[in-house]
Structures are given as C-alpha cells and as structure tokens.
Amino acid sequence: MPLTRRSLLTRSALATGIGLLALTGCSPAADVPATGETTEVTVHVEGMRFVPDVIEVPVGNALVVTFENTGDVVHDLVFDGGAGSDHLSPGDSQVIEVGVIGSDLDGWCSVSNHRAMGMELSVKAVE
Ligand SMILES: [Cu+2]
C-alpha cells in the first residue's frame, strides 16, 4: 500500500513539472542564449499599414519597438507572446519591450478588424 501511494505522488509531481515546462515554453525567448544586445525600431502607421512591416532582429537580441500612431484612428500593436501597446489615439506613441527574439514572430493591430485590413507585421529572427 505505501508503495502505491508513493507512485501516485510521484506521478502528480511529474504532471506539475510538465505543466510548468509548457508555460515557460510560450516565451519567444525559447532556449536561445541572449546576446545582451538590443535592436530598437520605430514603427509608424500609414493608412491601414505598419511601416516597416518587416523587422529583422539578430537571434538572441532583445527587441524594443517604439510604436507611433501616425494614423487617423485608434490603433495598437501587439505581438505573439503577449507584449503590446495600449490602444493609442492618433499622435500618441508608446515603447514596447517585446523581449529576446528566438524565432520569427507576428505583430498586428488588435483594434476592430484592422488585422484583416492589413495591419500586420513580421519579426524575422536572423542569424
Ligand atoms: Cu489599427
């Protein structure tokens, strides 16, 4: 009987460990050594597009985006992994700390249907 109880305990500890692993696996930083360097980019709005809409970042660099809403209506800029700006009024800007870039990553405007209208950008992790 004591043996059975111990194996149950072990199994639940294992399940907890796997759960934690899955959570940390969501980070864009996923197992890439940080370079300690930061890539800084300013993104603005032209019509319903982000400019630039491709951002190249050396693998392991941290990415910091200054998002300037130079459009006519409220926009934001959000990224896979959870980083993003607030909803910004025209003329406002915000600095977004995206984090260490380990792989390609999408960014988009989450306001209304703006993403479908073309407000998307790609972060490319380059060697
Ligand atoms: Cu928008």
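Check the entry above for the structure.
Here is a short report on the structure shown in this document. Model, not experiment: these values are computed from the prediction. (Residues numbered from 1 in each chain as written. Predicted model: local features only at pLDDT ≥ 70, side-chain atom pairs only at ≥ 80, totals over all residues. Heavy atoms only, no water.)

### Some points on the pairing of strand S4 (residues 62-68)
Step number 1: Note that strand S1 (residues 38-46) and S4 share seven bridges and pair parallel. Counterpart to Val41 in the pairing with S4 is Val65.
Step number 2: Pairing of S4 with strand S6 (residues 93-100) involves seven bridges; the strand directions are antiparallel. The partner of Leu63 across the bridge, within S6, is Gly99. (Pairing = 2+ DSSP bridges. Helix = DSSP H or I, 4+ residues; strand = E, 2+ residues; numbered from the N terminus.)

### Some remarks on the side chain of Asp76
Step number 1: Structurally, Asp76 is set in the loop between S4 and strand S5 (78-79).
Step number 2: Of the side chains bearing the opposite charge, Arg115 lies closest to the buried Asp76, which forms no salt bridge; the N-O distance is 9.9 Å.
Step number 3: Within the local environment of Asp76, its side chain forms a polar contact with the side chain of His87, the two groups lying 3.5 Å apart.
Step number 4: Among the polar contacts made by the side chain of Asp76, one reaches the side chain of Ser110 at a distance of 2.5 Å. (Buried < 20%, exposed > 50% of the residue type's maximum accessible area, 1.4 Å probe, protein only. Lys, Arg positive; Asp, Glu negative; His and termini not counted. Salt bridge = Lys/Arg side-chain N within 4 Å of Asp/Glu carboxyl O. Polar contact = N/O pair within 3.5 Å; in protein donor to acceptor, adjacent residues only side chain to side chain.)

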